Amino acid sequence: MNIVSLLTDFGIKDGYVAQMKGVILSIANPRIIDISHEITTHNILEGAFVLRSVVNYFPKGTVNVAIVDPGVGSNRRGIIVTTRNQILIGPDNGVLIPAANLSGDFIVYEIINEKYMLNSISNTFHGRDIFSPVAAHIVNGVPFEEFGNRINDYIDLDFDVGKITNGSANGRIIYIDQFGNITTNIEGNVLKRIIDHGKKITLFIGNKKHELLFVKSYSFVKNKQILVTIGSNNLVEIAVNQGNAAKKLNIKVNDEIKILFK
Amino acid sequence: MNIVSLLTDFGIKDGYVAQMKGVILSIANPRIIDISHEITTHNILEGAFVLRSVVNYFPKGTVNVAIVDPGVGSNRRGIIVTTRNQILIGPDNGVLIPAANLSGDFIVYEIINEKYMLNSISNTFHGRDIFSPVAAHIVNGVPFEEFGNRINDYIDLDFDVGKITNGSANGRIIYIDQFGNITTNIEGNVLKRIIDHGKKITLFIGNKKHELLFVKSYSFVKNKQILVTIGSNNLVEIAVNQGNAAKKLNIKVNDEIKILFK
Amino acid sequence: MNIVSLLTDFGIKDGYVAQMKGVILSIANPRIIDISHEITTHNILEGAFVLRSVVNYFPKGTVNVAIVDPGVGSNRRGIIVTTRNQILIGPDNGVLIPAANLSGDFIVYEIINEKYMLNSISNTFHGRDIFSPVAAHIVNGVPFEEFGNRINDYIDLDFDVGKITNGSANGRIIYIDQFGNITTNIEGNVLKRIIDHGKKITLFIGNKKHELLFVKSYSFVKNKQILVTIGSNNLVEIAVNQGNAAKKLNIKVNDEIKILFK
């Protein structure tokens, strides 16, 4: 079974994603799975986070195409990244790198061989004209070296990792999902080794201070109450039981947070 | 051909649905069909209605996973429901039951065998960690009894059925679709046996009274006029030709309606 | 490999699209690819444009089902259109014709044989009850003549083609995408033969006059600046680099535009 997954900021109304799928299916015969097409326009960080959040759940050998590409048509490069068990394809602007780091042992190739692109390349839609046919040719077994040389000067992107001590955790907000749940860059399994579920903590966020509980899941606090838990990405998450934490706390991505648990 | 269908309130922006698909495809090789991921957050009734509306259209043996799960991480159970020709998987909160009743002859199993769950189970995402792998193992032929015992004390959910007499029909609104078409719990085929298309009727809805026509389809009245018809789910529907009935009538789910046709 | 593609104005919340997929998969075993379900309700022109924009990217023999159908339940006909390498199915209201013209050499058949429809046909959902089973039977190899006779009096629809002279291009807006990029009916490859990238031009749009550049792609002008380029559909496009041109210029579909490049 071959899988191509797609992540873009193209939305689902226009025919852009379908054009990509048509191109892929004209060359190869993989399953095609949508990761998301609702990444905020040109928001590389958001695309990088969502790609990173799914990459380890796909079978070995999945070809993940991620197009959040404000620089399309400029001289930014296209790249293929191979990791321990995944293939990532997209623009060289950092969007692939957090997923590559999580997946591990990665190697980056430049995409320059026009043999594997559509004959007529538009200047505004490399997702369709370059990245989709490249993905399909990889599914068909074309070796990575065929597309271009290995490079080391790719553009890096990193969410950092929050700092955890015996008495506190410091980090920042890296993603807010559609439920308004707030994901931080503080690692859940590390925090869990220091404090137990049910522990009272102090959360500093958006210039305010909240006394609340570190709990196993949302339903361990009353409706509409704020809580801190370990989210499904193994990252510390701030949420409101059956409510929208981002709205309630009036925060945004990159805001700093601090948790005291002494 | 094996099919897994997915219904959730997870939305299509975040990577949650893709994580579920990755988990399923790491274990089994079914086709995956999206029913909807735009169920209103935590709205079990709405999810139950949409699941019920599609269940009889899928081939025998389809594994339908439905996750609208405000109680995730609490002690609510997960269940598998087998019906005459479908399999339903989801939380034990009623979301599966109207579909099970429509499909017929159903049996409920509790999901307790951790052998068929992901090794590391988050407390906030059973859709990915429990329900997806269970669906995949069912596709692979694992017998239902392997997952847990049969139970009879599942949580029930019922849309009732509106009352039809020779002179009137009484019911309530159970769903409003994206076009603003209003679905009631009054059975279309029963009404059709009593009155014919073209019949003048009186509709009481939202404390107002409307004199209008029971018609074969939208285009049998003028643009922007209210009408009553039998919708595609064989339920009586109130609509506006090329307009939005829900907005025009200012009503909501669970509001009562009455039709006089004497 | 058989492919059925789907374009509708049904949205992605309700179960309507899933019902169509269930019907198709109950009869045949094609891959199913979504083109779009977010066409503006009843907007035949918009559906026709999106279908036209994708049709040439799908493999030969793809069965494209396009349902934007304000006249459902009236006496409007259903049609099958075969082209040089595609099959198109939908209502006879023009939605299929621009794609048919682009694909080339098309023939139109009426759909009248009830043998290939669902047994119980609702009056409000021919997408599920007629067009989906017809698509599935075509995938299974039923000859086009089996569904009904060839017809020539189908409803036509045409986006026209803008006029280009040595000194100017005149056309109109035919589509605005989710990024706010404005597609015109002026052919890109024809314009390209007359003026080069980097050329200064004067754009008349929305009763205003703009002095700007005809460029290779968005990033050739500064952020938030208006530009004219050749879009990915080979049509002249008006855009704003990393911005929304439709909002900035306050225009709408069918507005006329004029470009002077002397």
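Structure shown above.
Below: a short report on this structure. Since we're looking at a predicted model, the values are computed, not measured. (Residues numbered from 1 in each chain as written. Chains lettered and ligands numbered in written order. Predicted model: local features only at pLDDT ≥ 70, side-chain atom pairs only at ≥ 80, totals over all residues. Heavy atoms only, no water.)

So, the sheet that holds strand β7 (residues 150-151) of chain C
(1) Moving on: The seven strands are arranged β2-β1-β3-β5-β4-β6-β7 (chain C) in an open sheet whose pairing can be described as mixed. Pairing within the sheet leaves two strands with one partner each, and these edge strands are β2 (31-36) and β7 of chain C.
(2) Moving on: Here strand β1 (residues 3-8) of chain C runs beside β2 of chain C; their pairing, made up of five bridges, is parallel. Among the inter-strand pairings, V4 of chain C is bridged to a residue of β2 of chain C, identified as I32 of chain C.
(3) Moving on: Across the sheet, helix α1 (residues 16-27) of chain A is in contact with β1 and β2 of chain C; its angle to β2 of chain C comes to roughly 150°.
(4) Moving on: Its contacts with the sheet place helix α1 (residues 16-27) of chain C against β1, β2 and β3 (62-67) of chain C, and it is angled at close to 155° to β1 of chain C. (Pairing = 2+ DSSP bridges. Helix = DSSP H or I, 4+ residues; strand = E, 2+ residues; numbered from the N terminus. Contact = heavy atoms within 4.5 Å. Axes fitted to C-alpha atoms, helices over the stretch in contact; angles between N-to-C directions.)

Details of the relation of the copies chain A and chain B
(1) Moving on: For the match of chain A to chain B, the screw axis carries a shift of 0.0 Å, the RMSD comes to 0.0 Å, and the turn is 120°. The transformation just described matches what one would write down for a three-fold rotation axis. Within chain A, R31 of chain A has its C-alpha nearest the rotation axis, a separation of 5.2 Å. (Least-squares fit on C-alpha atoms with pLDDT ≥ 70 in both.)

Here we look at the packing of aromatic side chains
(1) Moving on: A full pass over the atoms with the stated rule returns 24 aromatic pairs over all chains.
(2) Moving on: An angle of 80° between the planes, with centres 5.5 Å apart, marks the rings of Y16 of chain A and F125 of chain A as edge-to-face. Taken together, the residues span a long stretch of sequence, with Y16 of chain A in helix α1 and F125 of chain A in the loop between β6 (107-110) and α4 (126-139) at a distance of 109 residues.
(3) Moving on: The class of Y16 of chain A is buried, set by a relative accessible area of 12%.
(4) Moving on: Considering the side-chain rings of F10 of chain C and Y16 of chain C, the 6.3 Å spacing of their centres and the 70° angle between planes classify their relative orientation as edge-to-face. Both residues of the pair, F10 of chain C and Y16 of chain C, count as buried.
(5) Moving on: One aromatic cluster is present, formed by F10, Y16 and F125 of chain A through successive ring pairs. (Phe/Tyr/Trp six-rings, centres within 6.5 Å; stacked < 30°, edge-to-face > 60°. Buried < 20%, exposed > 50% of the residue type's maximum accessible area, 1.4 Å probe, protein only.)

Points about the interface of chain B and chain C
(1) Moving on: If you look at the interface, chain B gives 34 residues, while chain C gives 32 residues.
(2) Moving on: It is Y57, Q178 and F179 of chain B in chain B that bury the most area against chain C; as a group they hold 24% of the surface buried on that side.
(3) Moving on: Counting across the interface, chain B meets chain C through one salt bridge.
(4) Moving on: In this structure, K13 of chain C engages E46 of chain B in a salt bridge whose closest nitrogen and oxygen atoms are separated by 3.0 Å.
(5) Moving on: Remark: the boundary between chain B and chain C carries 16 residue pairs in polar contact (both at pLDDT 80 or more).
(6) Moving on: Residue assignment for the side of chain B that touches chain C shows that the elements contributing at least two residues are β2 (31-36), α2 (44-55) and β13 (226-230) of chain B.
(7) Moving on: Counting residues per element, the side of chain B that touches chain C draws most heavily on β2 of chain B, at five residues. (Buried area = accessible area lost by both parts, 1.4 Å probe. Salt bridge = Lys/Arg side-chain N within 4 Å of Asp/Glu carboxyl O. Polar contact = N/O pair within 3.5 Å; in protein donor to acceptor, adjacent residues only side chain to side chain.)

Some remarks on the interface of chain A and chain B
(1) Moving on: Every contact between the two is made by 33 residues of chain A and, on the other side, 32 residues of chain B.
(2) Moving on: Around 2,700 Å² of area is buried between chain A and chain B when both sides are counted, 55% of it from carbon and sulfur atoms.
(3) Moving on: Together, Y57, Q178 and F179 of chain A form the three largest contributors to the area buried by chain A at its contact with chain B, with a combined 25%.
(4) Moving on: Where chain A packs against chain B, one counts 16 residue pairs in polar contact (both at pLDDT 80 or more).
(5) Moving on: When residues of the side of chain A that touches chain B are assigned to their parent elements, the largest contribution, five residues, is made by strand β2 (residues 31-36) of chain A.
(6) Moving on: Residue composition of the side of chain A that touches chain B, grouped by class: 15 nonpolar, 12 polar and six charged. (Nonpolar A, V, L, I, M, F, W, Y, C, P; charged D, E, K, R; others polar.)

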